[in-house]
Structures are given as structure tokens and as C-alpha cells.
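These are the residues of each chain, in order.
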Amino acid sequence: MKKTFLAVMLFAIASYGIACTNFIATKGATIDGSVLVTYNADDYGLFAKLCHYAGGKHQKGDKYEIIDYDTHASHGFIPQAPITYNVIGNINEYQVSIGETTYGGRKEMIDKSGQIDYGSLMYLGLQRARTAREAIKVMTSLAETYGYSSGGETFTIADPNEVWILEMQGCGGTPNNKVVWVAVRIPDGMISAHANQSRIGQFSKYNTEVVKSKNCIKFARSKGWFKGKDADFSWKNVYAKPTFGGRRWCEARVWSFFNHFKDMSRWLPWALGKDAAAEDMPLWIEPNKKLDVSVMAACMRDHYEGTPLALDNDIAAGPWNTPYRPTPLVYEVNGKKYFNERPTSTQQTAFSYIAQLRSFLPREIGGVIWWGNDDGNMVAYVPIYCGITKQPECFNTPGVDAVTFSDKNAYWVCNWVANMVYPRYAQLFPALKKVRDNIEGSFLRSQPEIEAKAKALYDTDKAAALELLSEYSSAKASEMMDSWRKLATYLIVKFNDMAVKPEKDGKFLLTPTGMGATVKRPGYSEYFKKELVKQTGDRFALPEDE
């Protein structure tokens, strides 16, 4: 491996300490005309709550403290807005939703003197904007006024009618330049995605609306990074040129999402990352079928199944064929470096959601954030309505944190179950999937009924309608938690000591004398047995007379 390539690769790894994915479906691409956007927040050891920011009116002179999203350090204060809006998770009462993925970009562009980090920018946008376009103005104006302290970031900014991708970087403390940015509206009827690699390219050729900072191209020229015509300017090629890591670990997630809705074999060489001349992927595609919440959930649970990047065809899957891989992404053997794949569904996800935004319902009823406190594959998404002002206890449990367990907390209960499943995936996952799909399906089926009740109340007693939805969200969260605690105890009994206890009609079988029935011992998978013999030869071969 060349030293220059290795350096780029290792920098890419460092840039993805916090790694996320956003999938996007515009209203014309969905079954019912919803806008659907997703987010998974991947970080090692991150403990996350369902946040809430109360809306309200504020006095002149009121201040807002900027608390860094990653470090929790204070960056000082900025003036508070005269009016702010209710925010629950990553959605506000006007059905504006904002997610992000970090791509890093040029290290020298990070402005250590900037006051506002990417996380604060998201939640300030949610608190201060009633539409996606307004959120873009809020976020870019704040960054231009107070400076932007984070690395390169891609934001998904959505409302019930449209979705935009905003990419932003600092200017490294350069005088008279605080930030550069560009925003692109995803055309209606299309789907898009991003996953820690800048995706906006030669935007002059996009057949859609594009807005950008005045210095978007000028700043690159001033640094000598770009010398061509304005029409030839590519944001990502200048500010965040894709590396092997940016393609294989990031763009591959986008490729796999698109591949559910279009034959993406043409762009597979790009996703694989090793062919420097490979054709770049489009920013959006037209799907061959319409999407809904359940389809988006399935995409968030993706492990490259059925593709050349699948994780079920090598010995790293282990005896029970797990599609998960330990971190870090890179490991070394005899001085040579190797890597793991990085699918959308990964064990270090702290929280995951699908935001459902609907223009055909009253605003506090139409917006739902389907929330899960773990890897999307290992949770049942719970509906949280955008107009409510109270988090379910399990998503914001007092006294619980990254090192304090509680069986009342969704993060810990979901991780408790998931960490039993990961190492014995083929054995245990079918039981989890059955519970997950049953409960999530029941939530989806009950959605029209509760919304009809809330809508009937809304015009005459809005407060009562919102209280109804608040109680409903809390009840569904409690229902999920009860199911998951039962699942945890079921798994430890059913699969104790790597064996499998037989059952019938939902009850474990007993002998006539009341003992547990004889367990089944499934042993290794056929694939793993063969690989083990390849490695060990006759070391464990039984004598022929045995």
C-alpha cells in the first residue's frame, strides 16, 4: 500500500469517529405523499436521549448558550430568538426535520475560533424555522455571523413539501470568511442519501434549485484549490475529495440504499472504492417503486444482503453468521492493513429514526418521528408525534447515562437484547425479528385510528388532541419496553449455554417429571465447519475406528 494512500485512509478513519447515515424520500416518491427522512447516529459509547426543547416567546436581551453537541463544552452565548418552536427529537411542531452526517473535508478549513458546532446548528434550526427553506436561512446566517467550529457536514433539511441537502465547512479562521456552504433541493419524486462523504458535486449541472454562499467558489480560488470556470466547480472534489474510505465505508451505504430501488451495478465500482476512474454516483435517483415507513425501516436495517459487499460469505461471520463486524474498521496482520465493511446497520448506533412529514394533516399530527434507541435492525421504531411536549420516560430516564444501567431505559434494554443477539445472530435474531416486526406492525396499523381521533379533537380542543397523542406515544413506548424486557428473559432461557430449548405453543416443553425437555445442539453452520477444517486440517479429525 502506498504511503500517500495509507495516510488518506487513516485520516478517513479518524474523521468517522461519529458516523451517521441519512436516507431521503421526497413526497412524490412515497406511497401516501409523506416526506420521509432517516438518521442513524453511530458512535462508540454514545448514550443518547430523545431531546426536547420547549417553544416560547423570549424577551429582548435573552441569551442562548451554545453547548457543543459532541463534547458538551460551552461555546458561550448568542442572542435568543424572539419566538422558538417546540422540538422533540429531530423534528419540530411545524414538521421541519433536520439530520446530518459528518464528512470532515479539508482539515485546514476547520475554524477553531467558530462559535457554533454542527449539532447546535441543527437544533437552532429546528427551534427557529417553520419550513426547510427558513431553516437553511437560519442555519447559514448563524454560521456566517458567529462562525462554524465543526468539520465538513452534510445536513438533511426537510418539511412536509420538500427536502434539501446543505453542505457546510468553515474557513479556517480566514479574515472576512467564516463559512462556505451550498444547498440543493432534491427534486420531487426522487430519493437521495448521504453517509459521511460529501455528495454535492458539479451543482451547476443539477436540474433543480441550488443556493450557495457568496464565497462558495471564490474562497476555493483564493486558496488556489480551484482555477477553472465557475460552471465546472464541484463542491466535493474541491473541499472533500472522495477517498477510498469515503467511497467504500460511506458511499457504499448510499449505493446499497439506491440498489433497493434501481439496478446500481453501473456504479458498483464507485462504491467498492478501489477504481480511481470509476463513474461517480448521482446525487439522487428515481425509485422503481414507492416507499413508506416500513420500507425505509428495512433500508435502515441493511447489511448489504445479496450484493457483492454482503457480510455472510467469509469466516468473520463466525459460527452463527453475524453480519456485524468489530471495530475499528482497519486491522493489521504481518504489517499489512485490512478493513471491515461498514453497512448501514451497525452495532454502535446510539439512536435511529424515521421522520414522517405529511402536509395533508394538521401540522402537530402530521409529523411523526419513529424513534429507536439502538441499531435500527435491533429495535421496533416507536411513533413520537411532533406536537407533544413530554418525552416517554424510557427515552429520557432520570439518573441513567452511558455507565449507569436501568431496565426502565430504552437505550440499555435494547442494548441488553442486541448484545445477546450479535454473537449468535443466526440462532437468536429470528426471535428478535418476530417480536420487532409484530410490535412495529401493530404501531403502524393503529396509526390511522389514533390520528383520526386527534384530528377530530384538533379544531375544537387542540390541547386535548396533543395530550391524546402524548399519552399515545408514551403508551407505545411502554409497550415496546415491556416486549423487550420479556424478549431479554426469553432469549436467556431459550438459548442458554449455546443450546436451544424446545417449545410448543409458546411454552417451553417439560418431561413428565417436570424437568426441562432435552435441548437441541445445532452446532456450527455448514460453511463454518468447512472453513474450520480448512484451517485446522486433521488436527481435530476423529480416528476412523471411533
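Along each chain, numbering runs from 1 in the same order as the chain's sequence is written. Local features in this predicted model are restricted to residues of pLDDT 70 or higher, and side-chain atom pairs are both shown and tallied only at a pLDDT of 80 or more, whereas totals for entire chains, interfaces and linings draw on every residue. Only hydrogens and water are set aside; all other atoms, that is, all heavy atoms of the structure, feed into the side-chain values.

As recorded in an unreviewed UniProt entry, the chain goes by Dipeptidase and comes from Prevotella amnii DNF00058.

Some words on the overall build of the chain
A count of helices and strands for the chain gives 13 helices and 23 strands. We compute the radius of gyration over the C-alpha atoms and compare it with the globule rule, which gives 2.2 Å times the number of residues raised to the power 0.38. Relative to the 2.2 N^0.38 estimate, which gives 24 Å for 546 residues, the radius of gyration of the chain is 25 Å and therefore close to what a compact globule would have. Each principal axis of the C-alpha distribution contributes one length, and for the chain these read about 85 × 65 × 45 Å. Buried, partly exposed and exposed residues are distinguished by accessible area as a fraction of the type maximum, computed with a 1.4 Å probe on protein chains only: under 20%, between the cut-offs, and over 50%, respectively. When the 546 residues of the chain are sorted by exposure, 56% land in the buried category. Numbering of helices and strands runs from the N terminus, with a helix taken as a DSSP run of H or I at least four residues long and a strand as a DSSP run of E at least two residues long.

Digging into the domain arrangement of the chain
Where each domain begins and ends follows an automated or database-derived domain assignment. Examined at the domain level, the chain breaks down into domain 1 (21-339), domain 2 (361-498) and domain 3 (503-536). Measuring from the centre of the C-alpha atoms in domain 2 to the corresponding centre in domain 3 gives 31 Å.

Thoughts on the layout of surface pockets
The way it works is a 1 Å grid over only the protein atoms, where trapped points that fit a 1.4 Å probe form a cavity and open points with protein on both sides within 12 Å along at least five of seven lines form a pocket, and then any residue with an atom within 4 Å of a point lines it. Grid points are joined across faces, edges and corners, and a volume is the space filled by probe spheres set on the points. The calculated volume of the second largest pocket comes to roughly 680 Å³. Along the wall of the second largest pocket there are 28 residues; nearest its centre are Cys-51, Tyr-53, Tyr-69, His-72 and Tyr-123. Those elements giving two or more residues to the lining of the second largest pocket turn out to be β1 (18-25), β2 (35-43), β5 (63-67) and α2 (118-128). The element contributing the most residues to the lining of the second largest pocket is α2, with four residues. Any residue outside Ala, Val, Leu, Ile, Met, Phe, Trp, Tyr, Cys, Pro, Asp, Glu, Lys and Arg is labelled polar, Gly included; the first ten of those are nonpolar and the last four are charged. In terms of residue class, the lining of the second largest pocket is built from 17 nonpolar, four polar and seven charged. Here the lining of the second largest pocket spans two domains, since at least three of its residues come from each of domain 1 (21-339) and domain 2 (361-498).

A closer look at the nonpolar core
Residues belong to a common nonpolar core when they are buried Ala, Val, Leu, Ile, Met, Phe, Trp, Tyr or Cys residues joined through side-chain atoms within 4.5 Å. If you look at the biggest cluster of nonpolar residues, it comprises 150 residues, and the most contacted ones within it are Phe-155, Phe-233, Trp-235, Phe-257, Phe-395, Met-480 and Trp-484. Both domains that meet at this core, namely domain 1 (21-339) and domain 2 (361-498), each give it at least three residues. By the convention used here, residues are in contact when the closest approach between their heavy atoms is within 4.5 Å. Once residues within four sequence positions are removed from consideration, Phe-233 is found in contact with Gly-201, Gln-202, Phe-203, Cys-216, Ile-217, Ala-220, Phe-226, Val-238 and Tyr-239. Phe-244, Trp-249, Leu-329 and Val-330 belong to the second largest nonpolar core, which has five residues in total.

Thoughts on empty space enclosed by the protein
Applying the stated criterion across every chain yields a total of two cavities of 30 Å³ or more. Taken as a whole, the largest cavity encloses approximately 110 Å³ of empty space. Every residue lining the largest cavity is counted, 15 residues in all, and those nearest its centre are Arg-325, Leu-329, Glu-341, Thr-346 and Gln-348. When grouped by side-chain class, the residues that make up the lining of the largest cavity number six nonpolar, six polar and three charged. Considered as a void within the structure, the second largest cavity measures approximately 30 Å³ in volume. The wall of the second largest cavity is formed by Asn-22, Val-37, Thr-38, Tyr-39, Ser-97, Ile-98, Gly-99, Thr-156 and Tyr-353. Those elements giving two or more residues to the lining of the second largest cavity turn out to be β2 and β10 (97-104). Residue composition of the lining of the second largest cavity, by class: four nonpolar, five polar and no charged.

Side note on the packing of aromatic side chains
In this scheme Phe, Tyr and Trp rings, the latter by its six-membered ring, pair at centre separations within 6.5 Å, and the angle between planes marks the pair as stacked below 30 degrees, edge-to-face above 60, and tilted otherwise. Scanning all chains against the criterion turns up 33 aromatic pairs. Taken together, the ring pairs in this structure connect Phe-203, Phe-219, Trp-225, Phe-226, Phe-233, Trp-235 and Tyr-239 into an aromatic cluster. The rule for a charge over a ring is simple: NZ of Lys or CZ of Arg within 6 Å of the ring centre, and within 35 degrees of the ring normal. The ring of Trp-270 has Arg-247 sitting right over it, with the charged end atom 4.2 Å from the ring centre. Directly above the aromatic system of Tyr-94 lies the positively charged group of Arg-363, at a separation of 3.9 Å from the ring centroid.

Section: the environment of Glu-108
Its place among the elements puts Glu-108 in the loop between β10 and α2. On the accessibility criterion, Glu-108 (47% relative accessible area) is partly exposed. When neighbours within four sequence positions are excluded, Glu-108 is seen to be in contact with Gly-172 and Trp-225.

Examining the environment of Leu-466
By the secondary structure assignment, Leu-466 is in helix α12 (residues 462-494). For Leu-466 and Ile-388, which are 78 residues apart along the polypeptide, the C-alpha to C-alpha distance reads 6.0 Å. When residues no more than four places from it in sequence are discounted, the contact partners of Leu-466 are Glu-364, Gly-387 and Ile-388.

Observations regarding the pairing of strand β12 (residues 163-170)
Within β12, eight of the eight residues are buried, which leaves the element mostly enclosed by the surrounding structure. Here β12 shows two buried faces, one formed by Val-163, Ile-165, Glu-167 and Gln-169 and the other by Trp-164, Leu-166, Met-168 and Gly-170. DSSP calls a pair of strands paired once it identifies at least 2 bridges connecting them. Relative to β12, strand β11 (residues 152-158) runs antiparallel, the two being bridged by six bridges. What sits directly across from Phe-155, in β12, is Leu-166. Connecting the antiparallel pair β11 and β12 is a turn made up of four residues.

Digging into the pattern of salt bridges
A carboxyl oxygen of Asp or Glu within 4 Å of a side-chain nitrogen of Lys or Arg is what we treat as a salt bridge. Overall, the coordinates contain 26 salt bridges when judged by the stated rule. One salt bridge connects Lys-337 with Glu-332, and the closest N-O pair in it is separated by 3.1 Å. Judged by its relative accessible area of 27%, Lys-337 is partly exposed. Overall, Glu-332 belongs to the partly exposed group, its relative accessible area being 49%. In this structure, Arg-436 and Asp-437 form a salt bridge, with 2.9 Å as the shortest nitrogen-oxygen distance. Because the salt bridges share partners, they merge into one network encompassing Glu-93, Arg-363, Glu-364 and Lys-462.

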